[in-house]
Amino acid sequence: MGKTLFEKIWESHIVVEKQNSPDLIYIDRHLVHEVTSPQAFDGLRMNNRKVRRPDLTIATMDHNVPTSDRSLPILDQTSAVQIKTLENNCKDFGIKLFDINSPNQGIVHVIGPQLGITLPGSTIVCGDSHTSTHGAFGALALGIGTSEVEHVLASQTLWLEKPKTFEVRVEGKRKNTHAVTAKDIILSIIKNIGTAGGTGTVIEYRGEGITDLSMDQRMTICNMSIEGGARAGLIAPDEKTFDYLRNREYTPKNYESLVDSWKDNLKTDSDAKFDKTFILNIDDIAPQVSWGTNPGMTCDVDEPIPSPDEFSNGDSNQKKGAEKALEYMALESGTMIEDIKIDRVFIGSCTNARLEDLIEASKIIKGQKVTSTVDAMVVPGSQMVKKQAEEMGLDKIFIEANFEWREAGCSMCLGMNPDILSPGERCASTSNRNFEGRQGNGGRTHLVSPVMAAAAAIHGHFVDVRKLDLN
Amino acid sequence: MKPFENVKSIVTPLDKVNIDTDQIIPKQFLKLVQKSGFGKFLFFNWRYDENENIKSDFILNDSKYDGSQILVAGDNFGCGSSREHAVWALDDYGFSVIISSSFADIFFSNCFKNGLLPISLESKIVEKLLQETNVIEVDLNNQIIKTPSENIHFEINSHKKKILLEGLDDISQTFQFEDKISEFEKKSTIPSVL
Ligand code: SF4
């Protein structure tokens, strides 16, 4: 029987295999950031251990950094300490760091691919659940906890139980590529499989609806695999993948010979079997808006908010969850999504702050103004995205429309820096989590695509972007 | 890591599904650079209101449950962010066993790195345990939860059980295979970053 792409990558990285226990898996790339690493470096120091492969390890600061003027000192002392701690740790252990002043600084999952650090067929880990993003390049990319960060620093390996395989196939090609985006595809998938639907599995996204997407869009899909509960998401590499990584700053010198070997090997065999499969037709996907407090609580933009009964399909726990979510969000079932008014707009995060996301959003904004009752901001995913956008004049379009144009970082995706919602504020956000208080205590998050967020900024409420002329 | 010992305690029932790690330990506490002292921030936004007054309707604020070492919660516990701070907070607060009908993968594996035992049971049994008011005993070696009315068997992977019972340090275990790692590195085709 043939093998899936996941199985091929797994098998080629086994260092030690034992019966009925986890395999020891080699890690090719380790990405490090300021929040989940200090305790790991401390552990190394306590035990007199060094970093086994500093040359496979790259660090940046993203979660905590201010997105305002970088020439000013960081006011929040605890953030400043955490950032300083990463600097010291990287110095002590010989790790390459893109610090706050580096032109390569940015959200770790945005810079990895942009710099050519992410490679097909490799294993990548980071102390961050959205490491799944890198799977868009056909890499096995896993989010890990801090103890595992320490383990990888010390040994460049991890003990891992082999996940099951989950095929998610999206059939058909998008007709309205500007209005139905990768974000809408992945939110639809999660709405259908549920937030625990992928638990214990690695998802491989397949079908024309996926191969048709650009690399920026494929990253949006893989990024949110974790919101469907999966260990990782994967897309088989193709010419688009190989083109994207050519001539990046850290693309390997023998890249073309690597590409030749990847072309033959990195695909699921036609007779391979997945442990489970979910199929979606692209024509059934509309622009999505989340209404609740997890990404599975999502509906089409032209639908009313479902009742807890409809949503839960007879599961009493899910029903309770939906009731609680509506209460937190101050929403009632039956309300049309387009009637929900918003206070804030956040275009940013490792899900949707790449160049293409900003280009698509700017098309809506051009020549228009953010409505007076809304505060809107754009936080590019990396300093490089920011620079590229500025070269195209996108910053001017956003600024003229009264958007704030910021420096790169995680920002209001999780609000560890000063960018947060006030209690009760309602935000259209291009990020990936609408958990209670995620963007600020008491804040209410609606997950949407960049196009939907931009349109909401102009109108002050959600609008069905299919009705707009987007070309 | 300290070896896991049998636990005898009343259960703290937290009857909610999809409890994410953002709720277990909110972001403002992730800025700390040490591992200890997170217990006081556990479920912070559920325990305290905006002015940091105690919310009397939240279960951890009910003194009846003081000293409880067993948390029982709804499906998909620990979903979302990979932050191990969630496990450090549960551990520091005093919980050593978490029972649910299912756990998110990263949270589940983080538990074992810190000596916490996550037990997953059928939802019917979890619902019963949510109602349990007596002291119960969790016996890892025999994989049994003893309540006054019954003995409930639970499954655990033998490797993970050993790690908890012996309090093994993962990294020193791995170092026994150092020659295998070096051998692997010699034939690896993925070049270094720099
Ligand atoms: S942008 Fe948000 S989801 Fe992505 S790494 Fe930063 S905090 Fe995590």
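(A) Region of the structure containing the pattern of salt bridges. Residues and elements named next belong to chain A. Considering all chains together, one arrives at 43 salt bridges over all chains under this definition. Of the charged contacts, one joins Asp 55 and Arg 53 as a salt bridge, the two residues approaching to 2.9 Å between their closest N and O atoms. Exposure remark for Asp 55: the relative accessible area of 21% places this residue in the partly exposed category. Arg 466 is paired through a salt bridge with Asp 464; the nearest N and O atoms lie 2.9 Å apart. In this structure Arg 466 comes out as partly exposed when scored by relative accessible area, which is 33%. Among the residues examined, Asp 464 registers a relative accessible area of 6% and is labelled buried.

(B) Geometry of the site of the ligand. Residues and elements named next belong to chain A. Inspection of the region around the ligand gives His 63, Ile 107, His 109, Asp 128, His 130, Ser 349, Cys 350, Cys 410, Cys 413, Leu 414, Asn 432 and Arg 438 as its neighbouring residues. Spatially, the ligand is embedded in the largest cavity. Looking at the shell around the ligand, its residues break down into five nonpolar, five polar and two charged.

(C) Focus on the layout of surface pockets. The computed volume of the second largest pocket comes to approximately 610 Å³. Lining the second largest pocket are 22 residues, and of these Lys 324 and Glu 436 of chain A together with Asn 45, Trp 46 and Lys 55 of chain B sit closest to its centre. Mapped by element, the contributors of at least two residues to the lining of the second largest pocket are helix 12 (316-329) of chain A together with strand 2 (11-14) and helix 2 (44-47) of chain B. Take the lining of the second largest pocket: its biggest share by element is three residues, from helix 12 of chain A.

(D) A look at the packing of aromatic side chains. The tally for this structure, following the rule as stated, stands at 25 aromatic pairs over all chains. Considering the side-chain rings of Tyr 93 of chain B and Phe 95 of chain B, the 5.5 Å spacing of their centres and the 20 degrees angle between planes classify their relative orientation as stacked. One residue, Arg 248 of chain A, lies across the ring of Tyr 244 of chain A, its end atom 4.1 Å from the ring centre. In this arrangement the basic side chain of Lys 160 of chain B is found over the ring face of Phe 112 of chain B, its NZ or CZ atom lying 5.3 Å from the centre.

Scoring rules and cut-offs
Residues numbered from 1 in each chain as written. Chains lettered and ligands numbered in written order. Predicted model: local features only at pLDDT ≥ 70, side-chain atom pairs only at ≥ 80, totals over all residues. Heavy atoms only, no water. Salt bridge = Lys/Arg side-chain N within 4 Å of Asp/Glu carboxyl O. Buried < 20%, exposed > 50% of the residue type's maximum accessible area, 1.4 Å probe, protein only. Near = heavy atom within 4 Å. 1 Å grid on protein atoms, 1.4 Å probe; cavity = no way out; pocket = protein on both sides within 12 Å on 5 of 7 lines; lining within 4 Å. Sits in = over half its atoms within 2 Å of the grid points. Nonpolar A, V, L, I, M, F, W, Y, C, P; charged D, E, K, R; others polar. Points joined across faces, edges and corners; volume = space filled by probe spheres on them. Helix = DSSP H or I, 4+ residues; strand = E, 2+ residues; numbered from the N terminus. Phe/Tyr/Trp six-rings, centres within 6.5 Å; stacked < 30°, edge-to-face > 60°. Lys NZ or Arg CZ within 6 Å of the ring centre and 35° of its normal.

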